[in-house]
Amino acid sequence: MDYTELQVTTNFSFLRGASHPEELVLQAKALGYKEIAITDRNTFAGLVRAHASAKKNGIRIIPACRLDLLDGPGLLAYPTNLKSYSLLSNLLTKGNLRAEKGECHLYKSDVYEHSEDLIFILIPPDKLNESFEF
């Protein structure tokens, strides 16, 4: 059976991920995965190390990130080409410039402005209200 994990968080997501990108790649290989998506919180920080380890171990890294919005639900964002990777990088820069170091302030309107050729997966909230709304 082929399986691809689409939400892998490294230790570059402070207080969320515990494993180094290299360790995650080695574990993916041990499990027989051909690819995994690195989705650190509001950053691409774990991608470089994951990519370097993946090249050595025959695993494909899907570049992505988790976007935690201040005015909406979280999103997993997957660029589909170089242009969309650049747009996502610009979006992260915009959010980082608005906030103190270690924070990233993003809004739905920012995502809309930078969404061309990106694929999104909505992250369900921890709790739904009585109307099952986010």
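Residues numbered from 1 in each chain as written. Predicted model: local features only at pLDDT ≥ 70, side-chain atom pairs only at ≥ 80, totals over all residues. Heavy atoms only, no water.

1. Notes on the sheet that holds strand β2 (residues 35-38)
(1) Moving on: Judged by pairing direction, the sheet is parallel, and its 3 strands sit side by side in the order β1-β2-β3 without closing on themselves. Whereas interior strands pair on both sides, the edge strands pair on one side only; in this sheet they are β1 (5-8) and β3 (60-63). Strand-to-strand, the axes of this sheet are offset by a mean angle of 35°, without reference to chain direction.
(2) Moving on: Relative to β2, β1 is paired through 2 bridges, and the arrangement is parallel. (Pairing = 2+ DSSP bridges. Helix = DSSP H or I, 4+ residues; strand = E, 2+ residues; numbered from the N terminus. Axes fitted to C-alpha atoms, helices over the stretch in contact; angles between N-to-C directions.)

2. Quick look at the nonpolar core
(1) Moving on: I38, I61, L67, L88 and L106 are the most contacted members of the largest nonpolar core, which has 24 residues in total.
(2) Moving on: The set of elements that each furnish at least two residues to this core consists of α1 (21-30), β2, α2 (47-57), β4 (65-67), β5 (75-79) and α3 (82-97).
(3) Moving on: Beyond its immediate chain neighbours, meaning those up to four positions away, L67 contacts N42, P73, G74, L75, A77, L88, L91, L92, L106, V111 and F120.
(4) Moving on: Counting 6 residues, the second-largest nonpolar core is a separate cluster that includes A37, A64, L76 and I123. (Core = buried A, V, L, I, M, F, W, Y, C linked by side-chain atoms within 4.5 Å. Buried < 20%, exposed > 50% of the residue type's maximum accessible area, 1.4 Å probe, protein only. Contact = heavy atoms within 4.5 Å.)

3. Points about the packing of aromatic side chains
(1) Moving on: A complete count under the given rule lists 2 aromatic pairs for this structure.
(2) Moving on: Here the aromatic rings of Y3 and Y33 are separated by 5.3 Å at their centres, their planes lie at 55°, and the arrangement is tilted. Note that Y3 is positioned in the segment before β1 and Y33 in the loop between α1 and β2, a separation of 30 residues in sequence.
(3) Moving on: Relative accessible area serves as the criterion here: at 39%, Y3 is assigned to the partly exposed category.
(4) Moving on: On the numbers, 4.7 Å between centres and 5° between planes, the contact of F44 with Y85 is stacked. (Phe/Tyr/Trp six-rings, centres within 6.5 Å; stacked < 30°, edge-to-face > 60°.)

4. Some words on the sheet that holds strand β6 (residues 118-122)
(1) Moving on: With respect to topology, 3 strands assemble into an open sheet ordered β4-β5-β6, the strand pairing being antiparallel. With one partner strand each, in any of the chains shown, β4 and β6 form the two edges of the open sheet. Each adjacent strand pair in this sheet contributes to an overall mean axis angle of 30°, direction not counted.
(2) Moving on: Sheet strands touched by α3: β4, β5 and β6. Its angle to β4, the strand with the most contacts, is close to 45°.

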